[in-house]
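Structural description and commentary
Residue-level listing of the chains:
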Amino acid sequence: MTVLSIHEFPDPILKQVSEKVTVFDLSLEGFIRDAVETLNSHKYCVGLAAPQIGQLKRIVFIDISRARKPHPNNGLLVLINPLILEKSNYKIVREGCLSIPDFTANVKRAMNITLAYQDIKGETKVFVTQDFEAHAIQHEIDHLDGVLFLDKITNPSSDLFRRVRY
Ligand SMILES: [Zn+2]
(Lines give C-alpha, C1' and ligand atoms only; values in the text may rest on other atoms or scores of the structure.)
Protein backbone atom coordinates (compact mmCIF):
# COMPACT_ATOMS: atom_id res chain seq x y z
CA MET A 1 0.00 0.00 0.00
CA THR A 2 1.10 3.54 -0.71
CA VAL A 3 0.37 6.85 0.95
CA LEU A 4 -0.43 9.25 -1.89
CA SER A 5 0.36 12.95 -1.82
CA ILE A 6 -2.46 15.47 -1.40
CA HIS A 7 -3.05 18.06 -4.12
CA GLU A 8 -3.52 21.44 -2.46
CA PHE A 9 -5.34 24.60 -3.54
CA PRO A 10 -4.77 26.21 -6.08
CA ASP A 11 -3.81 23.00 -7.96
CA PRO A 12 -6.05 23.02 -11.07
CA ILE A 13 -7.01 19.34 -10.63
CA LEU A 14 -9.21 20.45 -7.71
CA LYS A 15 -11.39 22.48 -10.10
CA GLN A 16 -12.09 19.64 -12.54
CA VAL A 17 -15.14 17.41 -12.76
CA SER A 18 -14.43 13.73 -12.07
CA GLU A 19 -15.59 10.89 -14.28
CA LYS A 20 -17.95 8.10 -13.37
CA VAL A 21 -16.33 4.78 -12.44
CA THR A 22 -17.43 2.09 -14.91
CA VAL A 23 -14.79 -0.63 -14.40
CA PHE A 24 -14.72 -2.46 -11.07
CA ASP A 25 -11.44 -4.38 -11.20
CA LEU A 26 -8.23 -5.09 -9.29
CA SER A 27 -6.73 -1.75 -10.23
CA LEU A 28 -9.74 0.02 -8.67
CA GLU A 29 -9.32 -2.08 -5.53
CA GLY A 30 -5.61 -1.17 -5.39
CA PHE A 31 -6.39 2.53 -5.73
CA ILE A 32 -9.00 2.28 -2.95
CA ARG A 33 -6.49 0.57 -0.63
CA ASP A 34 -3.97 3.37 -1.25
CA ALA A 35 -6.62 6.05 -0.71
CA VAL A 36 -7.68 4.53 2.62
CA GLU A 37 -4.02 4.30 3.66
CA THR A 38 -3.64 7.99 2.72
CA LEU A 39 -6.76 8.96 4.72
CA ASN A 40 -5.48 7.05 7.73
CA SER A 41 -2.07 8.75 7.51
CA HIS A 42 -3.59 12.15 8.37
CA LYS A 43 -4.48 12.66 12.02
CA TYR A 44 -8.21 13.41 12.60
CA CYS A 45 -8.85 13.34 8.82
CA VAL A 46 -12.47 12.25 8.23
CA GLY A 47 -12.73 12.35 4.45
CA LEU A 48 -10.93 12.32 1.15
CA ALA A 49 -12.04 12.50 -2.48
CA ALA A 50 -10.17 10.85 -5.38
CA PRO A 51 -9.23 14.14 -7.14
CA GLN A 52 -7.34 15.24 -4.01
CA ILE A 53 -4.96 12.33 -4.63
CA GLY A 54 -4.71 12.92 -8.36
CA GLN A 55 -7.46 10.69 -9.80
CA LEU A 56 -10.46 12.29 -11.51
CA LYS A 57 -12.78 9.43 -10.54
CA ARG A 58 -16.10 9.71 -8.71
CA ILE A 59 -15.02 8.04 -5.45
CA VAL A 60 -15.09 9.46 -1.91
CA PHE A 61 -13.79 8.03 1.35
CA ILE A 62 -15.37 8.99 4.68
CA ASP A 63 -14.54 7.83 8.20
CA ILE A 64 -15.82 10.18 10.88
CA SER A 65 -14.81 7.74 13.63
CA ARG A 66 -11.39 9.40 13.12
CA ALA A 67 -12.63 12.85 14.22
CA ARG A 68 -11.16 14.48 17.30
CA LYS A 69 -14.61 14.50 18.97
CA PRO A 70 -16.83 11.39 18.93
CA HIS A 71 -19.88 11.38 16.63
CA PRO A 72 -22.35 8.60 15.76
CA ASN A 73 -20.92 6.99 12.64
CA ASN A 74 -20.80 4.06 10.24
CA GLY A 75 -17.01 3.70 10.22
CA LEU A 76 -15.18 3.66 6.91
CA LEU A 77 -17.39 4.38 3.88
CA VAL A 78 -16.08 3.95 0.33
CA LEU A 79 -18.70 5.55 -1.93
CA ILE A 80 -18.30 5.03 -5.69
CA ASN A 81 -20.40 7.19 -8.04
CA PRO A 82 -22.25 8.73 -5.07
CA LEU A 83 -25.45 10.60 -5.84
CA ILE A 84 -27.45 12.53 -3.23
CA LEU A 85 -31.14 11.75 -3.72
CA GLU A 86 -32.62 13.82 -0.90
CA LYS A 87 -31.36 16.59 1.37
CA SER A 88 -33.09 18.32 4.28
CA ASN A 89 -32.53 20.19 7.54
CA TYR A 90 -29.89 22.73 6.53
CA LYS A 91 -27.47 24.18 9.08
CA ILE A 92 -24.31 26.28 9.03
CA VAL A 93 -21.35 24.11 10.01
CA ARG A 94 -17.60 24.63 10.25
CA GLU A 95 -15.47 22.57 7.90
CA GLY A 96 -11.89 22.01 6.88
CA CYS A 97 -10.19 20.33 3.93
CA LEU A 98 -6.87 18.49 3.49
CA SER A 99 -6.38 20.48 0.28
CA ILE A 100 -6.83 23.84 2.05
CA PRO A 101 -4.73 23.18 5.15
CA ASP A 102 -4.55 26.70 6.53
CA PHE A 103 -8.26 27.59 6.69
CA THR A 104 -11.66 26.42 7.88
CA ALA A 105 -14.99 27.94 6.86
CA ASN A 106 -18.66 28.20 7.77
CA VAL A 107 -20.70 26.40 5.11
CA LYS A 108 -24.41 25.58 4.79
CA ARG A 109 -25.01 21.81 4.62
CA ALA A 110 -27.98 19.46 4.84
CA MET A 111 -28.00 17.50 8.11
CA ASN A 112 -30.13 14.67 6.64
CA ILE A 113 -29.29 13.01 3.34
CA THR A 114 -30.27 9.96 1.34
CA LEU A 115 -27.74 8.82 -1.20
CA ALA A 116 -27.18 6.12 -3.79
CA TYR A 117 -23.70 4.79 -4.50
CA GLN A 118 -21.91 1.72 -5.81
CA ASP A 119 -19.71 -0.47 -3.65
CA ILE A 120 -16.31 -1.89 -4.61
CA LYS A 121 -18.03 -4.73 -6.51
CA GLY A 122 -20.24 -2.28 -8.45
CA GLU A 123 -23.44 -3.09 -6.56
CA THR A 124 -25.82 -0.16 -6.09
CA LYS A 125 -26.81 0.66 -2.51
CA VAL A 126 -28.98 3.33 -0.92
CA PHE A 127 -27.85 4.86 2.35
CA VAL A 128 -29.43 7.30 4.81
CA THR A 129 -27.32 9.30 7.24
CA GLN A 130 -27.34 12.49 9.25
CA ASP A 131 -25.42 15.17 11.11
CA PHE A 132 -21.62 15.17 10.87
CA GLU A 133 -21.45 12.11 8.61
CA ALA A 134 -23.96 13.68 6.17
CA HIS A 135 -22.04 16.94 6.25
CA ALA A 136 -18.69 15.22 5.55
CA ILE A 137 -20.15 13.26 2.63
CA GLN A 138 -21.47 16.47 1.01
CA HIS A 139 -18.04 18.10 1.33
CA GLU A 140 -16.35 15.14 -0.38
CA ILE A 141 -18.95 14.85 -3.15
CA ASP A 142 -18.40 18.56 -3.92
CA HIS A 143 -14.77 17.66 -4.74
CA LEU A 144 -16.05 15.38 -7.54
CA ASP A 145 -17.60 18.43 -9.21
CA GLY A 146 -14.56 20.67 -8.71
CA VAL A 147 -16.22 22.56 -5.85
CA LEU A 148 -14.27 23.64 -2.73
CA PHE A 149 -15.59 25.28 0.42
CA LEU A 150 -13.96 28.48 -0.82
CA ASP A 151 -16.60 28.47 -3.59
CA LYS A 152 -19.46 28.21 -1.11
CA ILE A 153 -18.72 31.02 1.32
CA THR A 154 -20.50 34.29 0.72
CA ASN A 155 -18.53 36.55 3.03
CA PRO A 156 -14.82 35.73 3.62
CA SER A 157 -14.49 38.28 6.42
CA SER A 158 -17.07 36.48 8.57
CA ASP A 159 -17.03 32.91 7.23
CA LEU A 160 -13.35 32.09 6.65
CA PHE A 161 -11.01 31.27 9.55
CA ARG A 162 -7.28 30.69 9.79
CA ARG A 163 -6.79 27.17 11.13
CA VAL A 164 -5.29 26.69 14.55
CA ARG A 165 -2.63 23.97 14.29
CA TYR A 166 -2.52 21.30 16.96
ZN1 LIG B 1 -11.89 18.66 1.03
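See above for the structure.
Note that this is a predicted model, so its numbers are computed, not measured. (Residues numbered from 1 in each chain as written. Predicted model: local features only at pLDDT ≥ 70, side-chain atom pairs only at ≥ 80, totals over all residues.)

Here the focus is helix α1 (residues 26-40). For an α-helix, the turn length of 3.6 residues means that residues three or four places apart are oriented alike. Between the first and last C-alpha of α1 there are 21 Å, a value that for 15 residues agrees with the 21 Å anticipated at 1.5 Å per step. Turning to α1, its buried residues are Ala 35, Thr 38 and Leu 39. Burial along α1 is one-sided: seen end-on, the buried residues are contained in an arc of 100 degrees. Turned more than 90 degrees away from the buried face of α1, the exposed residues are Leu 26, Glu 29, Gly 30 and Arg 33. Of the surrounding elements, those touching the buried residues of α1 are β1 (47-49) and β2 (59-62). (Helix = DSSP H or I, 4+ residues; strand = E, 2+ residues; numbered from the N terminus. Expected span 1.5 Å × (residues − 1). Buried ≥ 20, exposed ≤ 12 C-beta atoms within 10 Å, placed from the backbone. Arc of directions from axis to C-beta. Contact = placed C-beta atoms within 7 Å.)

Next up on the list: the environment of Lys 91. Turning to its location among the elements, Lys 91 is positioned in strand β3 (residues 77-95). The sequence separation of Lys 91 and Pro 12 amounts to 79 residues, and the corresponding C-alpha distance is 29 Å. With residues up to four places along the chain from it excluded, the contact list for Lys 91 reads Arg 109 and Met 111.

Turning our attention to helix α2 (residues 131-144). For α2, built from 14 residues, the straight-helix expectation of 20 Å at 1.5 Å per residue is met to within 8% by its first-to-last C-alpha distance of 21 Å. What α2 keeps buried is the set Phe 132, Glu 133, Ala 134, His 135, Ala 136, Ile 137, Gln 138, His 139, Glu 140, Ile 141, His 143 and Leu 144. Gly 146, located one to two residues past α2, shows a positive phi value of around 70 degrees.

To continue, consider the environment of Tyr 90. Structurally, the position occupied by Tyr 90 is in strand β3. When the 11 C-beta atoms within 10 Å are taken as the criterion, Tyr 90 is described as exposed. Through-space distance from the C-alpha of Tyr 90 to that of Pro 101 is 25 Å; in sequence the pair is eleven residues apart. Sequence-distant contacts of Tyr 90, that is, excluding residues within four places in its chain, are made with Lys 108, Arg 109 and Ala 110.

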